[in-house]
Amino acid sequence: MPVVEGSDLVLLQRRRQQVRNICILAHVDHGKTTLADSLVASNGIISQRMAGKLRYLDNRADEQERGITMKSSSISLYYQEPEESAGNPDYLINLIDSPGHVDFSSEVSTAVRLCDGAIVVVDVVEGVGPQTRACLKQVYEEQLKPVLVLNKLDRLILEKQMDPLDAYFHLTQVLEQVNAVLGSIFASDILAKEDITKKDNYESALEEVDDSELYFTPTSGNVIFCSAYDGWAFSVRDFAAMYAKRLEMNRKDLEQVLWGDFYYNSKKKEALPGAQEKAKKPMFVQFVLENIWSLYDIIAIRKDKDKLPGIAEKLGLKLAARDLRLTDPKLQIKAVLGQWLPIDRSVLHMVVEHVPPPHKISEERAQRLLYPANVDLSSLPPETLKLKESFTSCDASSSNVIAFVSKMTPVHISHLPQNRPKRLTDEEVQQRRDEVRRRIEERKLQTEQTELEKISQGVEQLSTQVEVSKTEEEPKPEEGESNEFVFIAFARVFSGTLKRGMELFNLSPKHDPRQPTHRKEEEAPYASRVTIGDLYMFMGGELQLLDEVPAGNIVGIGGLESHIVKTATLSSSLDCTSFSELSIMATPILRVAIEPVQPQDMPKLVKGLKLLNQADACVQVSVAPTGEHVITTLGEVHVEKCVHDLEQSYAKIKVNVSKPIVSFRETIVPAATVDMVNEAIVKTAEDKDVSKKIAVQQTLNKLGTLKVLAVPLPAEAVELLEKHSEFFKELAAIPRNQVLSEKWTTLLASIKVKLIAALQDLQLFGLSNLTAEELVNRIWALGPRNCGTNILLNLTDYEQPDFWSSHAKSSDTDIRSKTDPRKDFNSSLVNGFQLTSVAGPLCEEPMQGVCFAVLEWSIQSDGEDLNARGPFSGQVLTAAKEVCRQAFQNQPQRLVTPMYSCNIVVNAEMLGKMYAVIGRRHGKILSGDLTQGSGNFAVTCLLPVIESFNFAQEMRKQTSGLACPQLMFSHWEVIDIDPFWLPTTEEELMHFGEKADSANRAKVYMDSVRRRKGLFVDEQVVEHAEKQRTLSKNK
Ligand SMILES: Nc1nc2c(ncn2[C@@H]2O[C@H](COP(=O)(O)OP(=O)(O)OP(=O)(O)O)[C@@H](O)[C@H]2O)c(=O)[nH]1
Ligand SMILES: [Mg+2]
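Caption draft 1: Structural context of the overall build of the protein chain. Looking only at helices and strands, the protein chain has 35 helices and 33 strands in total. Out of the 1035 residues belonging to the protein chain, those deemed buried represent 51%. In the protein chain, the proportion of contacts linking residues at least 24 apart, taken out of those at least 6 apart, comes to 74%. Surface summary for the protein chain: the accessible area is close to 50,600 Å², and the carbon and sulfur share equals 51%.

Caption draft 2: How the structure looks around the packing of helix α9 (residues 236–243) against helix α11 (residues 283–301). Direction vectors running N to C along α9 and α11 enclose 100°, while the axes themselves pass 11 Å from each other. Classified by the angle their axes make, α9 and α11 are roughly perpendicular. Residues V236, F239 and Y243 of α9 form the contact with α11, whose participating residues are F284, F287, V288, N291 and I292. The class makeup of the residues in the contact of α9 with α11 is 7 nonpolar, 1 polar and no charged.

Caption draft 3: Region of interest: empty space enclosed by the protein. In the structure shown here, the tally under the stated rule is 4 cavities of 30 Å³ or more. Considered as a void within the structure, the largest cavity measures approximately 60 Å³ in volume. What lines the largest cavity is G221, I224, S235, R237, D238, S346, H349, M350 and E353. Of all the secondary structure elements, the ones that give two or more residues to the lining of the largest cavity are α9 and α15 (343–354). Ranked by residue count, the leading element in the lining of the largest cavity is α15, at 4 residues. Tallied by class, the residues present in the lining of the largest cavity amount to 2 nonpolar, 4 polar and 3 charged. In this structure, the second largest cavity occupies an estimated 50 Å³ of space. What lines the second largest cavity is V102, D103, A586, T587, I589, L634, Y900, L967, M968 and F969. Per-element accounting of the lining of the second largest cavity gives the leading share, 3 residues, to strand β33 (residues 966–974). The residue inventory of the lining of the second largest cavity, partitioned by class, reads 8 nonpolar, 1 polar and 1 charged.

Caption draft 4: Region of interest: the coordination of the magnesium ion (ligand 2). Protein ligation of the magnesium ion (ligand 2) involves T33 (OG1) and T69 (OG1), the donor distances falling in the range 1.8 to 1.9 Å. Here T33 is found in helix α2 (residues 32–41), whereas its partner T69 is found in the loop between α3 (61–66) and β2 (73–80), with 36 residues between them in sequence. The two residues T33 and T69 agree in class, both being buried.

Caption draft 5: Region of the structure containing the confidence of the model for the protein chain. Mean pLDDT for the protein chain: 83, with 88% of residues reaching 70 or above. Low confidence marks residues 462–481, where pLDDT is under 50. Its contacts with residues over four positions away, or in another chain, come to 2 contacts. pLDDT under 50 marks residues 808–813. Its contacts with residues more than four places away, or in other chains, come to 5 contacts.

Caption draft 6: Structural view of unusual backbone geometry. Cis rather than trans, the peptide bond between G783 and P784 has omega equal to -5°. Assignment of secondary structure puts P784 in the loop between β27 (779–783) and β28 (790–794). Of note, the phi angle at Q143 is positive, near 55°, even though the residue is not glycine. By the element assignment, Q143 lies in the loop between α5 (130–141) and β5 (145–151).

Caption draft 7: Looking closely at the sheet that holds strand β29 (residues 850–859). Read across the open sheet, the 5 strands follow the order β25-β26-β29-β28-β27; overall the sheet is mixed. Only two strands of the sheet have a single neighbouring strand rather than two, namely β25 (695–698) and β27. The average angle at which neighbouring strand axes cross in this sheet is 25°, direction not considered. As defined by bridge partners, strand β26 (residues 704–712) adjoins β29 across 9 bridges and the pair is classed as antiparallel. Bridge pairing links P712 to V850 in β29.

Caption draft 8: A look at the site of ligand 1. As a matter of local geometry, ligand 1 sits amid 19 residues, with K32, T33, T34, T69 and D154 nearest to it. Contacts to ligand 1 include G100, whose backbone N or O atom sits 2.9 Å from an oxygen atom. Against a free-state accessible area of 650 Å², the protein chains account for coverage of 84% of ligand 1. Listed by contribution, the elements that provide at least two residues to the shell around ligand 1 are α2 and α6 (153–158). At 3 residues, α2 tops the list of elements feeding residues into the shell around ligand 1. For the shell around ligand 1, the per-class residue count stands at 4 nonpolar, 9 polar and 6 charged.

Caption draft 9: Fine view of the sheet that holds strand β23 (residues 655–657). One open sheet holds the 4 strands; their spatial order is β21-β22-β20-β23, and the pairing between them is antiparallel. Edge positions in the sheet fall to β21 (620–623) and β23, since each of these pairs with one other strand and no more. Strand-to-strand, the axes of this sheet are offset by a mean angle of 30°, without reference to chain direction. Bridge count for strand β20 (residues 590–596) against β23 is 3 bridges, and the pairing is antiparallel. Looking at the pairing, I594 lines up with V657 of β23. Running at roughly 25° to strand β22 (residues 629–633), helix α21 (residues 602–615) makes contact with β20, β21, β22 and β23 of the sheet.

Caption draft 10: Focus on helix α17 (residues 382–393). Helix length check: α17 (12 residues) gives 18 Å between terminal C-alpha atoms against 16 Å at 1.5 Å per residue, within 8%. Listed as buried for α17 are T384, L387, K388, S390, F391 and T392. Elements in contact with the buried residues of α17: α16 (363–370), β10 (402–412) and β11 (485–495). Residue C394 follows α17 closely and has a positive phi angle near 50°.

Analysis parameters
- Residues numbered from 1 in each chain as written.
- Chains lettered and ligands numbered in written order.
- Predicted model: local features only at pLDDT ≥ 70, side-chain atom pairs only at ≥ 80, totals over all residues.
- Heavy atoms only, no water.
- Helix = DSSP H or I, 4+ residues; strand = E, 2+ residues; numbered from the N terminus.
- Buried < 20%, exposed > 50% of the residue type's maximum accessible area, 1.4 Å probe, protein only.
- Contact = heavy atoms within 4.5 Å.
- Areas by Shrake-Rupley, 256 points an atom, 1.4 Å probe, with all protein chains shown as cover.
- Axes fitted to C-alpha atoms, helices over the stretch in contact; angles between N-to-C directions.
- Parallel < 35°, antiparallel > 145°, perpendicular 65-115°, else oblique.
- Nonpolar A, V, L, I, M, F, W, Y, C, P; charged D, E, K, R; others polar.
- 1 Å grid on protein atoms, 1.4 Å probe; cavity = no way out; pocket = protein on both sides within 12 Å on 5 of 7 lines; lining within 4 Å.
- Points joined across faces, edges and corners; volume = space filled by probe spheres on them.
- Donors = N, O, S within 2.8 Å, 3.2 Å for Na, K, Ca; no water.
- pLDDT = per-residue confidence, 0-100.
- Pairing = 2+ DSSP bridges.
- Near = heavy atom within 4 Å.
- Polar contact = N/O pair within 3.5 Å; in protein donor to acceptor, adjacent residues only side chain to side chain.
- Expected span 1.5 Å × (residues − 1).

Below is the structure:
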């Protein structure tokens, strides 16, 4: 196929009906980039033969070396429907390939936001992976239209040596797996949307909704069977078209029976159901799979080269003489099957048919993108609501220009089209030739002259000249370095036409058109004017310059690097809202400190980190209180990529990377009933006396008294608060007098109901006889930062501001408690609690799941005026902080560690070695099932994050590279060991020895954090003092 001219694509950009924006998503290594290669080859950008080997869109050197994709990259492709389809229209396909490795999952979010549809690729041998699930969830949440590609069918033939019937059953299973995931995502979404305060309608909710469009079925044309590496793919439709005539059936009818439990009765010439029951071959096996299997058998297994021309003739293919000379069976397969069942035709046809064009964006999606979830639509000004029209119609002529930037991509300046050498015309070539000839002549003359001069001037002078010229040139590379990369905004135009030189507003997330000042240009505090620089079309690693880009297209925008860090909303009008934030699938958890090897390189590092922060969608760059530069990443591979980028591109200096810094949390647990050797602890009356656990604290001037008991929260409550922590965070940021949207009010109400249920078994030791509902009403605050999993509970006679309705229009509790002198110090007390919960006593890490019940709070003002802004408020804060800390320490304290869930696919021989590695690192195996049909075990285990360093490397080493773990943050887990535990009972002493020889894991972790933070560590510097003394005496 000839190379498609860029100008043709530019023309197509204007016809929104003929534009499709899609991304390719899958679990790691399921073949996304290989599939993209085949599609790229269809445009003649790379050769068909190299497709699959080249991985064109993996254009970073380390992507090629490691064989995994690390960033999403986009390419615009041309596709023309085959002649038989009506009008044979042509299309512009903006395709984004995304990474599958969990460490780069935020790149997936940036891709998904800009697209209308997604190709979900599944490796048929490995089946659904954890990332497949995550992708499907994201596709569902962002309301993209997914299509499915079942890839690597060749592995079933050559590697697994299945026969067609087995393969058919295997394929149905994989398809069921994918659909089951979709079904569960759908069900949980419907149930979450339901108002759970109205009970007993779970069933009805699911019954009422229509889910017929949701699933993948080959008969509806949204599933493709493919071998991306061998360059072929087909849909049921393709085979129906091939066989309709021969089987004397209508093509449409044949499409419906070619997949599923149907068999062909050749006498009656009709398709009948019940193939399995009657032990007949399903039609899919008979007419589809057997054909492909026999081709593989002849070409790749029996290597019967002579039959090749015969086959080609039968299939109506024209094989070139070069193809017939091929010796590699894989290439022969590609030549024959690639021509018979071209991959680009099937895949792109499916895309064109199933993915909606940009102007068919659903109302719901437009609303979701345009208006934040927490805003009540009726409270928005009419101008803002009107924007939705130009948004959904995707109107290029609209005066409202709206674009969303999902990431900033670094591009080396030499790759910019302006800096690339242009192709020369014949005349110019001739001119250059003449010029070169002339220069050669000149040089000849010159050399003759200079030789004469050299002799006269002497060699000495010459050498000084050389030195001078050297020193003059030296600073240049330094200057060049800073501008070596430019950042191109990766964006999509949603409305209007984006033009070079246009001025638009860059709206920050805080921009709110409901505030009149935000809509006035002179006053708008959260909007700035930016000028659109050069516009580009992405062509893999290359860029093509554009003058303007109409709505509905993906575009690269230059000139914004100093205005945008990661994402942004660009709009011509201040009535526009800032787009909802990208939903990120994974939480950055792994932190490392970075320092330059040469201290004088620090400024370079700082500059490099700034660039890195802009270039990488999911890295967080910060400066720790200790002054260290810390980057927070998604995992080890991500750290390696960041360090590589820093060293090679952004800072160009050698850096030292610290050991990873892991966050912990601190909590309390109910008193233990057994000791460390599993013997029951006999409780004395004194142990049971709860009054010992209550902490009492007076303010410095003895006027205020606080009594607090800390109790552990039930696990369900912690889980609930953790799940909604983002919600509470956003809630806390909303000004108090603002009315919440209906969606948020319902959500808040449903959280309250769930929390009441979860707090039923909160153990308060008889100190309060309030019901769970009353307790929930008495919640004072959540901490830390108003969104954590710790609760400050008010059991005193003071009436705290209502936590649940603080955003209601009027807060009457405030009025009622106006006369209470304690009201003035409410915030001091709450802040004291916040300070304790953000840094616990074990190692100054945030607390988790602790309920601080305030039993008494009294202030004796003695007629004295205690000014709310005076020193007494500070004293209340300190007292509250201290009393909460003491109450925490009065209970058994525990460390909580983040856990990774780890998925490993490994074959039976390596299973033992893999278990050993996991065991050594205190991992817990959750499941280890044999994957059907593949002979591999899919093992899922939990691993403490702190034990995971070099885990992937060790695993690869131990299993000769056969097991490659995927680590993903799973949850927080309490380490059930007291960090202060020492053997006390006789049995314990016997078992563990006097010094508890086996290291206390919790203490080791705690001490490592304390040491890092420069806190006091209780450890003996000299362990065996006697021995040392004797040694020195002997001297
Ligand atoms: N046998 C076979 N191998 C394939 C096929 N498609 C891809 N592969 C191989 O699978 C491996 C991974 O392919 P990629 O295309 O890099 O996978 P990916 O999904 O892009 O991987 P990430 O981007 O790292 O998530 C490569 O070694 C490919 O050669 C196929 O159809 N058959
Ligand atoms: Mg890839």
